[in-house]
Amino acid sequence: MAAALVRPTNNRMIAGVCAGLARRFGTSPATMRVIFLLSCLLPGPQFVAYLALWVLLPSEKAARDAAAW
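Position labels on residues start from 1 in each chain and follow its written sequence. pLDDT decides what is reported in this predicted model: residues at 70 or higher carry local features, side-chain atom pairs at 80 or more are listed and counted, and totals for whole chains, interfaces and linings draw on all residues regardless. The side-chain figures draw on all heavy atoms in the structure; neither hydrogens nor water molecules are used.

Draft legend 1. Representation of unusual backbone geometry. Positive phi outside glycine occurs at N11, with the angle close to 65°. Helix and strand assignments come from DSSP, with helices taken as H or I runs of at least 4 residues and strands as E runs of at least 2, each series counted from the N terminus. Within the secondary structure, N11 is located in the segment before α1 (17–25). Here N11 falls in the partly exposed class, since its relative accessible area comes to 48%. Only protein chains enter the accessibility calculation, which uses a 1.4 Å probe. A residue is then buried if its area is under 20% of the maximum for its type, exposed if over 50%, and partly exposed in between.

Draft legend 2. The arrangement of the packing of α1 against helix α3 (residues 46–56) in detail. Here the axes come from fitting lines to C-alpha atoms, over the contacting stretch only for helices, and the angles between their N-to-C directions go from 0 to 180 degrees. Interhelical geometry of α1 versus α3 gives an angle of 80° and a closest axis separation of 10 Å. Overall, the two elements α1 and α3 adopt an arrangement that is roughly perpendicular. Residue-level inspection shows V17, C18 and L21 of α1 in contact with α3, the latter providing Y50, L53 and W54. Angles are sorted into four bins: roughly parallel if under 35 degrees, roughly antiparallel if over 145, roughly perpendicular if 65 to 115, and oblique for all others. Contacts are assigned to residue pairs that have any heavy atoms within 4.5 Å of one another.

Draft legend 3. Local environment of the layout of surface pockets. Space inside and on the surface of the protein is sampled on a 1 Å grid over the protein atoms alone, with a cavity defined as a set of points where a 1.4 Å probe fits but cannot get out and a pocket as an open set with protein on both sides within 12 Å along at least 5 of 7 lines; lining residues have an atom within 4 Å of a point. Grid points are joined across faces, edges and corners, and a volume is the space filled by probe spheres set on the points. Estimates place the volume of the largest pocket at around 210 Å³. Lining of the largest pocket is provided by 16 residues; of these, M13, I14, C18, F36 and Y50 occupy positions nearest its centre. When residues in the lining of the largest pocket are grouped by element, the largest group, four residues, is from α3. Of the residues in the lining of the largest pocket, the class split is 12 nonpolar, two polar and two charged. Each residue gets one of three labels, nonpolar for Ala, Val, Leu, Ile, Met, Phe, Trp, Tyr, Cys and Pro, charged for Asp, Glu, Lys and Arg, and polar for the others, Gly among them.

So, to be careful, I would describe these as geometric facts and stop short of saying anything about function.
So, in structure tokens, the structure goes:
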């Protein structure tokens, strides 16, 4: 089973979005960050998507606390 899509509390640089995506898809956070930076060279709403994921994805601590209920 794949890991839940959350922003981890460790191994994060800015918001933990790339680290969370890397954990979910089984890659290293550095690889996911490089993919994101390369995708920013293409036209599109990559930065807006990153901000949306930052707001929408729960942090690992919040998800753990919600699961405890």
